[in-house]
Amino acid sequence: MRRTGVLLLAVVPLLATTACLSVASDDSRGPDVKRVEARSRDAEVTLADPAKKELAQQIVASAENGTLDWRSAYGYVEDIGDGQGYTAGVIGFCTGTHDLLALVEKYTKDHPDNALAPYLPALREVDGTDSHKGLDPGFPGAWKQESKVAAFRQAQDEKRDRGYFEPALRLAVRDGLGLLGQFVYYDAMVYHGPGNDRFSTGGIRAAALKKAHSPAEGGAEKAYLDAFLDARRKAMLDKRPGVDTSRVDTAQRRFLDEGNLDLRTPLEWKVYGDTYKVP
């Protein structure tokens, strides 16, 4: 997982599989909650819908890569100096956060003769650190070479979906959130990763729930998302004082302030001072 945004300049993106998620209805809940749940059960209006998923990848890519072309990142590989070793691929898998190792191990099991297989011993040794031991100078080139293979691009998509997109969507639907809220959780999962410490998505959610009820608890959706974005911004700044928080401040917060809970297009937002538009 990438943990970008910890720098003042950003880098990488993502996609997903279409999953139909549902929340059990409860007649004791208020009409607003049931409306959100009904909306979440409709594949046409969840983030799993192909058009909405494409939009989500574009918004994330604007913050991670400075582009709306998220598909350009499969071959990306660089140490961005964030303490996570090499960051690579469509979601920013890291040698220091285990997900890159897990990706290459699974891919090598299915495709043993790939260009990255010789680096598995080194990847296991540096896992959880920022070390390049055994990876330089050839690992970046091997990653770029293998990223030209359709099967490896598909493996990146599947790992991203299982590890980030689908867990974020399940959690958002459970909390009764609409499309904007689903995206807010997804972007948090990409940047902060899963987990329950105060710098991870679970910890940020827990902090938000102390300030506002989720829609599933009968709270107002906008008030809850306000609390979540506040908690996320604080987590970003607590971990890296001075970090650019514009992916929250002038993108997601802008959509929320405009009342765009359904993430309707056209959209316009700013990240790191650059303006992006989706018609």
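Above: the structure in question.
Definitions and limits used
Residues numbered from 1 in each chain as written. Predicted model: local features only at pLDDT ≥ 70, side-chain atom pairs only at ≥ 80, totals over all residues. Heavy atoms only, no water. Pairing = 2+ DSSP bridges. Helix = DSSP H or I, 4+ residues; strand = E, 2+ residues; numbered from the N terminus. Axes fitted to C-alpha atoms, helices over the stretch in contact; angles between N-to-C directions. Parallel < 35°, antiparallel > 145°, perpendicular 65-115°, else oblique. Contact = heavy atoms within 4.5 Å. Nonpolar A, V, L, I, M, F, W, Y, C, P; charged D, E, K, R; others polar. Expected span 1.5 Å × (residues − 1). Phe/Tyr/Trp six-rings, centres within 6.5 Å; stacked < 30°, edge-to-face > 60°. Buried < 20%, exposed > 50% of the residue type's maximum accessible area, 1.4 Å probe, protein only. Bend = angle between axes of the 7 residues up to and from the residue.

A. View of the sheet that holds strand E3 (residues 93-94). The sheet built from three strands is open, its strands ordered E1-E2-E3 with antiparallel pairing. The outermost strands of the open sheet, each flanked by one partner alone, are strand E1 (77-78) and E3. Here strand E2 (residues 87-88) runs beside E3; their pairing, made up of two bridges, is antiparallel. By the bridge assignment for E3, alanine 88 is matched with phenylalanine 93.

B. Representation of the packing of helix H9 (residues 221-239) against helix H10 (residues 246-257) in the model. The interhelical angle for the contact between H9 and H10, taken along N-to-C directions, is 175°, at an axis separation of 11 Å. Judged on the interaxial angle alone, H10 and H9 are roughly antiparallel. Where H9 approaches H10, its residues Lys222, Leu225, Asp226, Leu229, Asp230, Arg232, Arg233 and Met236 are matched on the opposing element by Arg247, Val248, Asp249, Gln252, Arg253, Leu256 and Asp257. Grouping the constituent residues of the contact of H9 with H10 by class yields five nonpolar, one polar and nine charged.

C. Representation of H10 within the structure. Over its 12 residues, H10 runs only 14 Å from end to end, short of the ideal 16 Å by more than 12%, given 1.5 Å per residue. At the C-terminal side of H10, glycine 259 shows a positive phi close to 75°.

D. Focus on the pairing of strand E5 (residues 274-278). Relative to E5, strand E4 (residues 267-271) runs antiparallel, the two sharing five bridges. Across the sheet, leucine 267 pairs through a bridge with valine 278, a residue of E5.

E. Summary view of the packing of aromatic side chains. Evaluated as defined, the whole model comprises 11 aromatic pairs. With centroids separated by 6.0 Å and ring planes inclined at 80°, the aromatic side chains of phenylalanine 255 and tryptophan 269 adopt a geometry described as edge-to-face. You can see phenylalanine 255 sitting in helix H10 and its partner tryptophan 269 sitting in strand E4, a full 14 residues away along the chain. Classification of phenylalanine 255 by relative accessible area gives buried; the value is 0%. The rings of Tyr86, Tyr107, Tyr119, Phe139, Trp143 and Phe152 are connected pair by pair, giving a single aromatic cluster.

F. Seen up close, helix H6 (residues 150-174). Its 25 residues give H6 an end-to-end C-alpha distance of 34 Å, which sits within 8% of 36 Å, the value for a rise of 1.5 Å per residue. At aspartate 161, H6 shows its largest kink, close to 50°. Where H6 terminates, the next one or two residues include glycine 176, which has phi positive at roughly 80°.

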